[in-house]
Amino acid sequence: MSQLPRILLSDTAAVGDDGWLRIGGCSIRDLAAEFGTPLFVYDEQHIRNRCREAVAAFGPQRAVYASKAFLCKAMARLAYEEEMRLDVATGGELHTVLAAGVPASACVMHGNNKSVAELRTAITEQVCHIVVDSFDELDRIDVLNAEGVGPVPDVLLRITPGVHAHTHEFIATGQNDSKFGFNLANGDAIRAVDRARNSPSVNLVGLHCHIGSNVFAASSFGKAAEVMANFAAPLGLPELVLGGGLGVAYVAGEEAPTLTQWGHVLRDACQSLGVTARVSVEPGRSIVAAAALTVYTLGTIKHVPDVRTYFSVDGGMSDNPRPVLYGSGYESFLPRAPFADRTRHGRLVGKHCESGDVLLFDAKLPADARVGDLLATPVTGAYGRSMGSNYNAITRPPVVFVGDGDARLVIRRETFDDLLATDIG
Ligand SMILES: *Cc1c(COP(=O)(O)O)cnc(C)c1O
């Protein structure tokens, strides 16, 4: 049997009397009829459950939602309501969060190459912390301070602990050969601490590290905590941020630690290392990935004898670039029969004009999958829509939040006019 594993669906997923998948009390069939496809369906209760789990594990304001995983005004408000802070890494992310009505005091400003304008905004809006990434950034803050831009910001220093997280090379960030942060190994970290402590333009309140994304090994987090705790101990700073990066299961057979288990690993590590600083984390993927699925319509099916079958859908690398970027795996199923045996193999591809436009390299579908069927890929809530594009002048899909039988459109589908909105030629 090759059924879709239930754990890849969100918390409120259920099968209706008619056999169709329901999320948040809404049938996928009805959602597709109302909003069209492709469509991102987010289970609002699932997101809240993960936020609450993170806050229970680390404390209110000690879990910072990494907004780059998925951001819109509704998501920013939800995370804030659930007592999380928000990690933003660009002026645009900060603008979105502020537009949602979330106060700057709940925002943490990241970025390895913040512009002067981004730093100016972060300072004058008075974000909670600026996570300083380089000596050049300290120079820029000095210049702003000399110009009278204030108040003096509370800052953390991003430290590169030299821990190699076992994940894809593009999303591993804690190793010495990294564009991020002050390297511990070559002395940059301690030089940055000395400079920040003696600088009138920043108020150093703590240290930060983030070893990478989609990390499954709890031991990698323990190792980073140990390196950071040892470095931080003699400094006596009040804040220690251990980053995000908790992995999630995308395909059958994968199993990731829960937010609660991650909390235990980090708490135990910090306790045994005698950490007295307040410890925070920055989960992104583990909050939203499994909360959403993407609904497509199955179009052309092409069988190449002795080679493979290609199943084409009405989206592709523009709504989910992760398979192309990282070779990431996903599952597929038909919402009309979510747990049907999937005996037919093929390659699930999009509608973009290149052969690299693959969503699933080895998709499994029920034998009776046919043109016109709705098809869904679960666990697309993180780094899908946020990394999406308008390649081929495709209009990006809408996002609907579902819960208690209601469907709330939070991002509408783009129109052809939206595509031309910035084209003034
Ligand atoms: C991306 C990122 C995160 C979140 O990573 P996830 O793998 O989504 O949990 C947290 N902190 C920083 C600094 C990041 O760049």
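A few points on the structure.

**Some thoughts on the overall build of the protein**
Along its length, the protein carries 12 helices and 20 strands. Over its C-alpha atoms the protein spans a radius of gyration of 22 Å, differing by no more than 12% from the 22 Å that the globule rule assigns to 425 residues. With the C-alpha coordinates of the protein rotated into their principal frame, the extents come out at 70 × 55 × 45 Å. In the protein, 70% of the contacts between residues at least 6 apart in sequence involve partners at least 24 apart. If you sum the accessible surface of the protein, you get close to 17,400 Å²; carbon and sulfur atoms cover 50% of it. Each charge sign in the protein was given a centre, from 38 positive and 48 negative side chains, and these centres are 1 Å apart.

**Describing the site of the ligand**
Near the ligand you find 16 residues, and of these Lys68, Ser213, Glu282, Arg285 and Tyr383 are the closest. In this structure, a nitrogen atom belonging to the ligand sits 2.7 Å away from a side-chain N or O atom of glutamate 282. The side chain of tyrosine 383 places a nitrogen or oxygen atom 2.6 Å from an oxygen atom of the ligand. Burial of the ligand by the surrounding chains reaches 92%, relative to a free accessible area of 390 Å². Residue classes in the shell around the ligand are distributed as three nonpolar, eight polar and five charged.

**Looking at helix H9 (residues 259-272)**
With 14 residues, H9 extends 20 Å between its outermost C-alpha atoms, agreeing within 8% with the 20 Å of an ideal straight helix rising 1.5 Å per residue. Turning to H9, its buried residues are Leu259, Trp262, Gly263, Leu266, Ala269 and Cys270. Around the axis of H9, the buried residues are gathered within 140 degrees of arc, so they sit on the same side. Facing away from the buried side of H9, by more than 90 degrees, are the exposed residues Gln271 and Ser272. Contacts from the buried residues of H9 go to helix H2 (44-58), helix H8 (218-232), strand E13 (278-280) and helix H10 (285-288). Taken from the residues just after H9, glycine 274 is the one with a positive phi, measuring 70 degrees.

**Focus: the sheet that holds strand E3 (residues 26-27)**
With antiparallel pairing, the three strands of this open sheet are ordered in space as E1-E2-E3. Strands at the two margins of the open sheet, each flanked by one partner only, are strand E1 (14-15) and E3. As defined by bridge partners, E1 adjoins strand E2 (residues 21-23) across two bridges and the pair is classed as antiparallel. Paired with alanine 14 across the strands is arginine 22, a residue of E2.

**Here's the deal with the packing of aromatic side chains**
Applying the stated rule across the entire model yields seven aromatic pairs. Here phenylalanine 70 and phenylalanine 401 contribute two aromatic rings whose centre-to-centre distance is 6.4 Å and whose plane-to-plane angle is 45 degrees, an arrangement assigned as tilted. With phenylalanine 70 in the loop between strand E5 (64-66) and helix H3 (73-81) and phenylalanine 401 in strand E19 (residues 399-403), the pair connects residues that are 331 residues apart, well separated along the chain. Comparing phenylalanine 70 with phenylalanine 401 shows no difference in burial state: the two are buried. Counting every residue linked through ring pairs, the aromatic cluster contains Tyr42, Phe70 and Phe401.

**A few points about the pattern of salt bridges**
In the structure shown here, the tally under the stated rule is 20 salt bridges. Here glutamate 44 makes a salt bridge to arginine 408, at a shortest N to O gap of 3.2 Å. With glutamate 44 in helix H2 and arginine 408 in strand E20 (residues 406-411), the pair connects residues that are 364 residues apart, well separated along the chain. Relative accessible area serves as the criterion here: at 39%, arginine 408 is assigned to the partly exposed category. Glutamate 147 is the salt-bridge partner of arginine 120, the closest N and O atoms lying 3.8 Å from each other. Of the two residues, arginine 120 sits in helix H5 (residues 116-125) while glutamate 147 sits in the loop between helix H6 (135-146) and strand E9 (154-160), which places them 27 residues apart along the sequence. Judged by relative accessible area, arginine 120 falls into the partly exposed class, the value being 35%. One salt-bridge network, held together by shared partners, links Glu44, Arg48, Arg52, Glu81, Glu82 and Arg408.

**Things to note about the environment of serine 67**
Note on placement: serine 67 falls in the loop between E5 and H3. Serine 67 gets classed as buried once you look at its relative accessible area, which sits at 1%. Sequence separation of serine 67 and arginine 308 is 241 residues, and the distance between their C-alpha atoms is 38 Å. Non-local contacts of serine 67, meaning those with residues more than four positions away in its chain, are made with Asp87, Val88 and Glu93. Looking at serine 67, its side chain comes within polar contact range of the main-chain oxygen of aspartate 87, at 2.8 Å.

Parameters at a glance
- Residues numbered from 1 in each chain as written.
- Predicted model: local features only at pLDDT ≥ 70, side-chain atom pairs only at ≥ 80, totals over all residues.
- Heavy atoms only, no water.
- Helix = DSSP H or I, 4+ residues; strand = E, 2+ residues; numbered from the N terminus.
- Rg over C-alpha atoms; globule rule 2.2 N^0.38 Å.
- Contact = heavy atoms within 4.5 Å.
- Areas by Shrake-Rupley, 256 points an atom, 1.4 Å probe, with all protein chains shown as cover.
- Lys, Arg positive; Asp, Glu negative; His and termini not counted.
- Charge placed at Lys NZ, Arg CZ, Asp CG, Glu CD.
- Near = heavy atom within 4 Å.
- Polar contact = N/O pair within 3.5 Å; in protein donor to acceptor, adjacent residues only side chain to side chain.
- Nonpolar A, V, L, I, M, F, W, Y, C, P; charged D, E, K, R; others polar.
- Expected span 1.5 Å × (residues − 1).
- Buried < 20%, exposed > 50% of the residue type's maximum accessible area, 1.4 Å probe, protein only.
- Arc of directions from axis to C-beta.
- Pairing = 2+ DSSP bridges.
- Phe/Tyr/Trp six-rings, centres within 6.5 Å; stacked < 30°, edge-to-face > 60°.
- Salt bridge = Lys/Arg side-chain N within 4 Å of Asp/Glu carboxyl O.

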